[in-house]
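Here's the letter readout for the chains.
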Amino acid sequence: MLTGMPLDGRIVHEFRSILGHSGVISSPEELHTYECDGLTNFRVMPCAVLLPTSTEQVQAIVHICHREKIPFVARGSGTGLSGGALPVENGIVLSLARMNRILEVDIPNARVVVEPGVINLDVTGRVQGHEYFYAPDPSSQSVCSIGGNVAENSGGAHCLKYGFTTTHVLGLEVVLPDGSLVHLGGKTLDTPGYDLAGVFVGSEGTLGVATKIILRIVKRPECVRTLLAAFPSTNEAGAAVSGIIAAGMLPAAIEMMDNLAIQAAEAAVHANYPDCGGLLLVELDGPVAEVEALLIHVEEISRSNGAWEIRVAQTDAERALVWKGRKAAFAAVGRISPNYIVQDGVIPRTALPQVMSEIERLSKENGLRVANVFHAGDGNLHPLVLYDRRIPGQEDAALALSFKILELCIAAGGSITGEHGVGEEKKSMMGKMFAEPDLATMQRVRCAFDPFQLSNPTKVFPTPRLCGEKPGEYVPHPLETAGLAERF
Amino acid sequence: MLNETENLFRGLLGSEAVHRTSPADAVSAVQPQFIVEPATEQQLAAALRLAHESKLAVIPRGGGTKLSWGNPPSRADLLLSTARLNRVLEHAWADLTVTIGAGCTIQTLQQTLAQHGQRLALDPLWPEKATVGGILSTNDSGALRLRFGALRDLIIGVTIALPDGTLASSGGKVVKNVAGYDLPKLATGALGTLGVITRAVFRLHPLPRNTRSFSVSAGHPDQAQKLVLAIQDSKLAHVALQIHFRAETPPSLDVLFEGPEAGLDAQATQLRSLCQSAGISEASPNVWNARQNLWPPPNSAAGVALGDSPEAFPLAIAKISILPADLAGTIALIRRAADSSHLRWKSLLYATGLGWLRLEGPAENVHHALISLRRNLEKSGGSLALLHRPAAFPAFDAWGTPADSLPLMQAVKRQLDPSHILNPGRFLSGL
C-alpha cells in the first residue's frame, strides 16, 4: 500500500492554522465516525479529518499533503456502498460537508452551480418552484452529496431515461493532487480540448477533489404515471421488460423486485405491494396524451406476459408510497436478516432469466438467501445476500457468494458495478472484467492527474502502480524494489 | 529511406495494405507519403507501434470527410486508415446496443440498426461517408443532441490503439457501468491525438413511430430568443429545436417532435398556443439538413462556395458554443462583426447553445471578423472553433484559447502519446 508518514504535530498545527480548531478532527473518539462509509465491513482510522469551507482551504490542505506526501481521501456524506470514502492508512480524510452552498441558479440556461457538500435532493428543492428537477436520483438522495455523486457517477432509478450523473455535470472546478486548481468543461458545451470532466466524473476520488460543480437541470414532464404489475416470477416480469423495450418505449424507470425483497419492503414501509414472485414498477413520463397511450400498451404487454394484478398509482401520495417501498428496499432487508451485502452487477437485459436462475442455484448451494432488487430497464442488479455475522464463517461465505454473482455478470457480458463504484470492495474483480492493457491505460491517465498517487490511492485498481516520468530516469520506490508495486 | 520504411509496413501488414499517396490525400495541404490500411485491430496497433518506433507522424483517417478540421498538421508521414475495420460486430438489438468497427460508415450502421427498428440517435454530417471513428474523434453532433445527448452520452465502450502498440478497451457493452475510468469520453472529441479508435459500443434508441416538424417565423432575433426560452421552459417534449439567422431575412425556428400520433397532435396544439402571434406552419423534414447545407459538397475545392451562393467567395465555417439565453446577443455580435468586415453570413443555432456560422468574403476580412467574434464569445464563457477555412487563410488557431486545464491535458497526452506522433500540431495548443 502506498502511504505517507504518520502525521506529526507540526503538520496538524499547520492544518489548524488553515482551518481553525473546529476544522480539524484528530481525537480518536470523533475519528471513529469516519472510519468507514456505507460499506461497513471495511474500517480504517484516519490520522485526521479536515473540514474545509472554501476552495482555497482545500487547495492549502492538498498543497501540504503533496509536499509531505500524505495520502488523502475526499468524503461527502459517506453513503457510498463500495468503500470509496474508506480512509487510507496514515492518511487524512477531507470532508466536504461544510462546503454546501448552492452558488448559482440559472433557470433560463437550466444550470445550477453547487459546492460538493450540497445534498442531491436540495438541488431539486431549490429549482422545483420553477418546475425543474435534478435528474440523477440515487436511493440515498435525501442525504448523499453532489460531490460524492460526481466521484461515483451515481445513477438511480430514473437514469434509464435521463442518464447518469455524468450526463448532468457540465463543468467542474477541481483541486488537483498537487494543489493546483483547474476548470474542466464549463457552463457551455464542448469546451475546447479533451473531455476531462467526462474522465473525472466516476473516477472515485482518485484524480483530485471537486470543489465546484456545474449541473444541468431538467424541466418537469407534463405528467407522470406509475404502474405496478404482479407476476408469478421474475422470469415473466423480465419478459415483460423486454417486451416494453422491444415496443420502442423508453420509460422513465423500470424497477423489479423478487418475492424476498417485496416481503422486506412490506415489513419496513407497508407499501401495500401485491405478494408475488416478481413485481414490476414502470414509470412513464412526458406529455399526457403520449403517456396515456403508452400506459395502455405497457398494461397489455404485462398481461400478455402473465401479470395477474396491475395497479396504476392514482395520486401523488400513492405514487410516493410505491417508490418509498422500492427506495427503502436495501435498508428494509435488515427487517428479515441481521446482516446483508448489497451487490451492484450489470447484465445485458436479455441475460436476466439465465442469470437469475444461476443466482438461485448459488443461493441454494451456499445455503444463503438472496433478495433481488433491479433497475430492470438497464440490467442493473442489486442482489442482497442475507447472512448472520454471529454464525462463524457466514460473512465470508456471503462475501464469496456476492463475488460469484459478479462473475456471472461478467460472463454474461456485463459489469461489476452499475452505480456504486469499485472502491475498496470490488478492486480485486477489476482484473476479471478488464485485461491488463486496459487497466494499464487507465493507470496512465491516473498518472497524468496524480503522479504521486496521493488522491484516494488504494481504490479502484487491483495493483498499485507508480508513475515514472520517463523510463530509465527514475529512482526506484522502496515498494518497487520490494516487489510490491510495478511502474510504467 | 521511404522505400525502406514502406517495406517494413509491407512486411508487417502485407503488400495489399500499404499504398503510395496521391495529391488528393493531402491533409490541409500537407502531403503524407503513404497510406496503410490494416485489416484487424491487432494489425492497426502493430502498425501504430512501428510508426512510433520509426518516429513517423500518423494521421488517422476514416471516411476523410472532416480531415481538414483542426489546424494543419505540423508533420504528416502516413495516413492510418480504418477503412477495413468496417464491420458491425454485434447488434444486440434486444439490449439496444451495438458493437462496431471504427471504419464502418454511419449510413451502413443506421441501415443495419433499422432492420430492428433502431438507430444511433445522432445526426452527424455526411453519414454516407463519415465513419464511426471519424464522428467520435471530431465529436460531431447535430440537432438531435437536444434530446438524446452527444456522442459522449451515447458511447458506452471503446477500444483504442496507442502508439506503443497497446490495444486498450474501457467501458463495456452495458448501458449502465461505472467500473474503471470513462475512457470512451476521453477518446471522444480528442481528434485522434491520444490513440486511434478501433471499435466502439453505443447505446441505441428506437426509431420514432412518427415525426412532425414545424417552422415558426420570428420578427427579429429578440423574438426568436424569447420563443426559444419559452419552448425550452415549457412542457413540450420536442427532440430538436434550431434557429436560422441570416443577414437579409428575419429569423425562423424549426421544432421536431417524435412519438405516437395522438401525442403529436397534442404537442402541435401546445406549440401553436405557445407561439401565438408568430407564424407557424408544418415543415418538411428537409429542414433538418440545414447544418449540412452550410457546407460546400465534400471534395469540392476549398474556398469555392456552391449551393445558394453563386459567387466564388472564400468561405469559412465555425462551430460556436454559447449559453442558450445568449442567442440573440450572439447574433448581434455576429452581425456587427460581419457588417464591419463586409461579409455575407448565415448562422444556425440550436437550443443547446451550440451553433454553426458561415462567413463569406475576402479572406482577410473573414479573419478579422473571426478574431473579434472569438474574443467576445470567450469573454462570456463561450468558444469558437474554425472547422472550414479558405485556402491561403492568415494564421488562426482552429480551437481558441485553452483553459487553465491545458497543462493537465498535456500530461494526459504525454502519458498516451509521448512522442507526439498522432496528428501532430492539429489540436488545441498543439496537443
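None of these values were measured; they are calculated from a predicted model.

Here is what the cut-offs are and how they apply
- Residues numbered from 1 in each chain as written.
- Chains lettered and ligands numbered in written order.
- Predicted model: local features only at pLDDT ≥ 70, side-chain atom pairs only at ≥ 80, totals over all residues.
- Heavy atoms only, no water.
- Domains from an automatic or database assignment.
- Contact = heavy atoms within 4.5 Å.
- Buried area = accessible area lost by both parts, 1.4 Å probe.
- Pairing = 2+ DSSP bridges.
- Helix = DSSP H or I, 4+ residues; strand = E, 2+ residues; numbered from the N terminus.
- Axes fitted to C-alpha atoms, helices over the stretch in contact; angles between N-to-C directions.
- Disulfide = S-S within 2.5 Å.
- Phe/Tyr/Trp six-rings, centres within 6.5 Å; stacked < 30°, edge-to-face > 60°.
- Buried < 20%, exposed > 50% of the residue type's maximum accessible area, 1.4 Å probe, protein only.
- Lys NZ or Arg CZ within 6 Å of the ring centre and 35° of its normal.
- Expected span 1.5 Å × (residues − 1).
- Arc of directions from axis to C-beta.
- Salt bridge = Lys/Arg side-chain N within 4 Å of Asp/Glu carboxyl O.
- 1 Å grid on protein atoms, 1.4 Å probe; cavity = no way out; pocket = protein on both sides within 12 Å on 5 of 7 lines; lining within 4 Å.
- Points joined across faces, edges and corners; volume = space filled by probe spheres on them.
- Nonpolar A, V, L, I, M, F, W, Y, C, P; charged D, E, K, R; others polar.

### Here we look at the domain arrangement of chain A
Residues and elements named next belong to chain A.
Link 1 in the chain: Each assigned domain of chain A is listed here: domain 1 (9-95), domain 2 (102-219), domain 3 (223-411) and domain 4 (436-487).
Link 2 in the chain: The partner domain 4 presents nine residues to the 10 residues of domain 2 that form the contact.
Link 3 in the chain: Taken over both partners, the interface formed by domain 2 and domain 4 buries close to 830 Å², and the fraction arising from carbon and sulfur atoms is 69%.
Link 4 in the chain: Ranking the residues of domain 2 by area buried against domain 4 places Pro-177, Thr-206 and Leu-207 at the top, with a combined share of 57%.

### Notes on the sheet that holds strand β3 (residues 72-75) of chain A
The pairing of strands in a sheet comes from backbone hydrogen bonds and takes either a parallel or an antiparallel form.
All names here are of chain A.
Link 1 in the chain: The sheet built from four strands is open, its strands ordered β1-β2-β4-β3 with mixed pairing. One side of each edge strand has no neighbouring strand; the edge strands of this open sheet are β1 (24-25) and β3.
Link 2 in the chain: As defined by bridge partners, β3 adjoins strand β4 (residues 92-95) across four bridges and the pair is classed as parallel. Each residue of the ladder has a partner; that of Val-73, found in β4, is Val-93.
Link 3 in the chain: Docked against the sheet, helix α3 (residues 55-68) engages β2 (48-50), β3 and β4, running at close to 165° with respect to β4.

### A closer look at the state of the cysteines
Residue and element names in this part refer to chain A.
Link 1 in the chain: On inspection of all chains with the given rule, the structure shows one disulfide over all chains.
Link 2 in the chain: Paired by a disulfide, Cys-447 and Cys-467 hold their sulfur atoms 1.9 Å apart. Its torsion about the S-S bond being -75°, the disulfide of Cys-447 and Cys-467 is classed as left-handed. Of the two residues, Cys-447 sits in helix α17 (residues 436-449) while Cys-467 sits in the loop between β19 (465-466) and α18 (478-481), which places them 20 residues apart along the sequence.
Link 3 in the chain: Considering cysteine sulfurs only, Cys-144 is the nearest to Cys-159, which forms no disulfide, with 13 Å between them.

### Some details on the packing of aromatic side chains
Link 1 in the chain: The full count for this structure, using the stated rule, is nine aromatic pairs over all chains.
Link 2 in the chain: Here the aromatic rings of B:Trp399 and B:Phe427 are separated by 5.1 Å at their centres, their planes lie at 75°, and the arrangement is edge-to-face. With B:Trp399 in the loop between β19 (383-388) and α13 (406-416) and B:Phe427 in the segment after α13, this pair connects stretches of sequence that are 28 residues apart.
Link 3 in the chain: Taking relative accessible area as the criterion, B:Phe427 reaches 1% and is therefore assigned buried.
Link 4 in the chain: Ring-pair connections join several aromatic residues into one group, and the members of that group are B:Trp69, B:Trp126, B:Trp295 and B:Trp356.
Link 5 in the chain: The ring of A:Trp323 carries the charged tip of A:Lys327 above its face, separated from the ring centre by 5.8 Å.

### Side note on helix α11 (residues 288-304) of chain A
Think of an α-helix as 3.6 residues a turn; residues three or four steps apart then line up on the same face.
All names here are of chain A.
Link 1 in the chain: Between the first and last C-alpha of α11 there are 25 Å, a value that for 17 residues agrees with the 24 Å anticipated at 1.5 Å per step.
Link 2 in the chain: Among the residues of α11, Glu-290, Val-291, Leu-294, Leu-295, Val-298, Ile-301 and Ser-302 are the ones counted as buried. For α11, the angular spread of the buried residues around the axis is 130°, confining them to a single face. Along α11, exposed side chains directed more than 90 degrees from the buried face belong to Ile-296 and Ser-304.
Link 3 in the chain: Directly beyond the C-terminal end of α11, a positive phi value near 100° is found at Gly-306.

### Here we look at the interface of chain B and chain A
Where the parts come together, the accessible area they lose is often given as the size of the interface.
Link 1 in the chain: Facing the 75 residues of chain B at the interface are 82 residues of chain A.
Link 2 in the chain: Roughly 6300 Å² of surface becomes buried between chain B and chain A when both sides are summed, with 59% attributable to carbon and sulfur atoms.
Link 3 in the chain: Interface area lost by chain B to chain A is led by B:Lys176, B:Tyr181 and B:Lys235, which between them contribute 15%.
Link 4 in the chain: For the pair chain B and chain A, the interface holds seven salt bridges.
Link 5 in the chain: Of the charged contacts in the structure, one is a salt bridge between B:Lys176 and A:Glu419, with a shortest N-O distance of 2.9 Å.

### Structural notes on empty space enclosed by the protein
Link 1 in the chain: According to the stated counting rule, one finds six cavities of 30 Å³ or more in the structure shown.
Link 2 in the chain: Lining the largest cavity are 24 residues, with B:Pro60, B:Arg61, B:Gly62, B:Gly134 and B:Ser137 sitting closest to its centre.
Link 3 in the chain: Listing elements by their share of the lining of the largest cavity, those giving two or more residues are β3 (58-61), α4 (132-138) and β10 (196-203) of chain B.
Link 4 in the chain: Among the elements that make up the lining of the largest cavity, the one with the highest residue count is α4(B) (four residues).
Link 5 in the chain: Taken together, the residues of the lining of the largest cavity break down into eight nonpolar, 13 polar and three charged.
Link 6 in the chain: The volume enclosed by the second largest cavity comes to roughly 180 Å³.
Link 7 in the chain: As for the second largest cavity, its lining consists of 19 residues, of which A:Arg349, A:Gly377, B:Asp95, B:Leu96 and B:Val175 are closest to the centre.

### Section: helix α9 (residues 261-275) of chain B
Link 1 in the chain: Taking 1.5 Å of rise per residue, 15 residues should cover 21 Å, and α9(B) covers 21 Å from first to last C-alpha, within 8% of that figure.
Link 2 in the chain: Among all positions of α9(B), only B:Gly263, B:Leu264, B:Gln267, B:Ala268, B:Leu271 and B:Cys275 are buried. Seen along its axis, α9(B) keeps its buried residues to an arc of 135°; they face one direction.
Link 3 in the chain: In the core, the buried residues of α9(B) are packed alongside α11 of chain A together with β12 (211-217), α8 (221-232), β14 (252-258) and β15 (279-283) of chain B.
Link 4 in the chain: Positive backbone phi, at 35°, marks B:Gln276, one or two positions downstream of α9(B).

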